[in-house]
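Letter by letter, the chains look like this.
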Amino acid sequence: MDSVVQLQKQLVDYIASLFHEGFLDEQFNQLQQLQDESNPDFVVEVVSLFFEDSERLLNELAKALEQKTIDFRKVDAHVHQFKGSSSSIGAHRVQKVCIAFRNYCEEQNVEGCLKCLQQVKHEYSLVRNKLETLFQLEKQIIAAGGSLPAT
Amino acid sequence: MSSNINTENWMKDIGVLDHLSGVGEGSTSAATKNITALVVDDDSVNQMIHSKILENLGIQNQVVRNGKEAVDLHSSGNNFDLILMDMDMPVMNGIEATRKLRAMGVRSIIAGVSTCTRDELEQKEFMAAGLDDFQEKPLTTPKLVSILQKVNKKC
């Protein structure tokens, strides 16, 4: 039982650090509160969907910014979508980069856009790793017979 | 604290639920079981979240991807108490869809749900198209509950 308690503490601390470092915001709490016994995998499902969408959007963005003549409206549309879905799951730092990204699109600033693309890729992969670690911890707790700490 | 207790507290606050479930026959689903909703949003993450918020409140709901699908649903005779309308969508956006639905005589509560837009003019246009309410994304259960208060008053 000790190891379960330890794991649970680890999880609580880990989640707290993600909030503290700005990776996640209040919206992630909202998601956790939507999860219940009838749908215990809700958060994992939504976040997985977010990962899928994000990979697709990042590809589209890279392609759009490689064009000889860049269609900034198209780029902006993709960033807008990315901003929307990242804010819906509480991926705070990703969302922030998207906001700056949109400003560069409006200014039609290629350099700025390319910089933001790198930044958003970076932030996305960071939050993705963090969330995957979080879900791993949750799995371990459940496998050890424990329950997830209340949100 | 389970999400169900939270939900019931909110329901109690807005007078949809007179007492917490477990006492008598009152239950979250009984209070809202007759309310139907339509989620109109092109983003699959948002579709999933909005649908779950509604589902947790016991509200039957359907999901479509753009304004045209919403209009088509109504053309074929469907009706909903509440429509959650995203603004930016391909094929037909929220502003146009809201206008069309109102022109068709749809009197459901239409709540615009959109990301914080720098363009205040666009938000005004959205309201003017026939919205009853506007909430900023991301949608949360408390925000939906405040929209539901309008549905309740109407019913």
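Note that the coordinates shown come from a computational prediction; the quantities given were computed from them, not determined experimentally. (Residues numbered from 1 in each chain as written. Chains lettered and ligands numbered in written order. Predicted model: local features only at pLDDT ≥ 70, side-chain atom pairs only at ≥ 80, totals over all residues. Heavy atoms only, no water.)

Caption draft 1: Structural detail: the interface of chain B and chain A. Each side of the interface is counted separately: chain B has 23 residues, and chain A has 27 residues. Roughly 2,100 Å² of surface becomes buried between chain B and chain A when both sides are summed, with 52% attributable to carbon and sulfur atoms. Linking chain B with chain A are one salt bridge, by the criterion used here. Between Lys52 of chain B and Asp36 of chain A there is a salt bridge whose closest N-O contact spans 4.0 Å. Inspection of the chain B/chain A interface yields five residue pairs in polar contact (both at pLDDT 80 or more). The set of elements that each furnish at least two residues to the side of chain B that touches chain A consists of helix 1 (3-13), helix 3 (44-56) and helix 7 (141-154) of chain B. Broken down by element, the residue count for the side of chain B that touches chain A peaks at eight residues, all from helix 3 of chain B. Partitioning the side of chain B that touches chain A into residue classes produces 10 nonpolar, nine polar and four charged. (Contact = heavy atoms within 4.5 Å. Buried area = accessible area lost by both parts, 1.4 Å probe. Salt bridge = Lys/Arg side-chain N within 4 Å of Asp/Glu carboxyl O. Polar contact = N/O pair within 3.5 Å; in protein donor to acceptor, adjacent residues only side chain to side chain. Helix = DSSP H or I, 4+ residues; strand = E, 2+ residues; numbered from the N terminus. Nonpolar A, V, L, I, M, F, W, Y, C, P; charged D, E, K, R; others polar.)

Caption draft 2: Structural context of the sheet that holds strand 4 (residues 109-114) of chain B. All names here are of chain B. Read across the sheet, five strands follow the order 2-1-3-4-5 without closing on themselves; strand pairing throughout is parallel. If you trace the sheet from one side to the other, it starts and ends with strand 2 (60-64) and strand 5 (133-136), each paired once. Between one strand axis and the next, the sheet turns through 20° on average, direction left out of account. Bridge count for strand 4 against strand 5 is four bridges, and the pairing is parallel. Residue pairing in the sheet places Ser114 in a bridge with Glu136 of strand 5. Contacts between helix 3 and the sheet are confined to strand 1 (36-40), strand 2, strand 3 (82-86) and strand 4, with strand 2 contributing the most and set at about 170° to the helix. (Pairing = 2+ DSSP bridges. Axes fitted to C-alpha atoms, helices over the stretch in contact; angles between N-to-C directions.)

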